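Secondary and tertiary structure notes
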Amino acid sequence: MRACPRGPLLVRGADVVVDDEGKEHPVGRPVVALCACDRSARKPWCDGTHKSVRRDVP
Ligand code: FES
């Protein structure tokens, strides 16, 4: 797993991702991007919304 600065968590080789509510999301790709900003409309996946978040907030 790798964290992108102010972006998603990149996960390699997972078969399934379990979200905060315990729901399982099958993974069909070698690498997936998980939302770390909590603003994605497609959680647990990153949808790029993090790019519009202000960058001057720590
Ligand atoms: S990290 Fe990309 S939308 Fe949240």
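One structure accompanies this document, and this report is about it. (Residues numbered from 1 in each chain as written. Predicted model: local features only at pLDDT ≥ 70, side-chain atom pairs only at ≥ 80, totals over all residues. Heavy atoms only, no water.)

Helix and strand counts for the chain stand at zero helices and five strands. Secondary structure elements of the chain occur, N-terminal to C-terminal, as β-β-β-β-β. Dimensions of the chain along its principal axes, counting C-alpha atoms only, are 35 × 20 × 15 Å. Within the chain, the fraction of its 58 residues that count as buried is 28%. Contacts in the chain between residues at least 24 apart in sequence constitute 23% of all its contacts with a sequence separation of at least 6. Just so you have it, the chain exposes about 4600 Å², and 50% of that area is on carbon and sulfur atoms. (Helix = DSSP H or I, 4+ residues; strand = E, 2+ residues; numbered from the N terminus. Buried < 20%, exposed > 50% of the residue type's maximum accessible area, 1.4 Å probe, protein only. Contact = heavy atoms within 4.5 Å. Areas by Shrake-Rupley, 256 points an atom, 1.4 Å probe, with all protein chains shown as cover.)

On to the pairing of strand E5 (residues 31-34). Residue alternation in E5 divides its side chains into a buried set, Val32 and Leu34, and an unburied set, Val31 and Ala33. Pairing of strand E2 (residues 9-12) with E5, which is carried by four bridges, proceeds in the antiparallel orientation. Bridge pairing links Val11 to Val32 in E5. (Pairing = 2+ DSSP bridges.)

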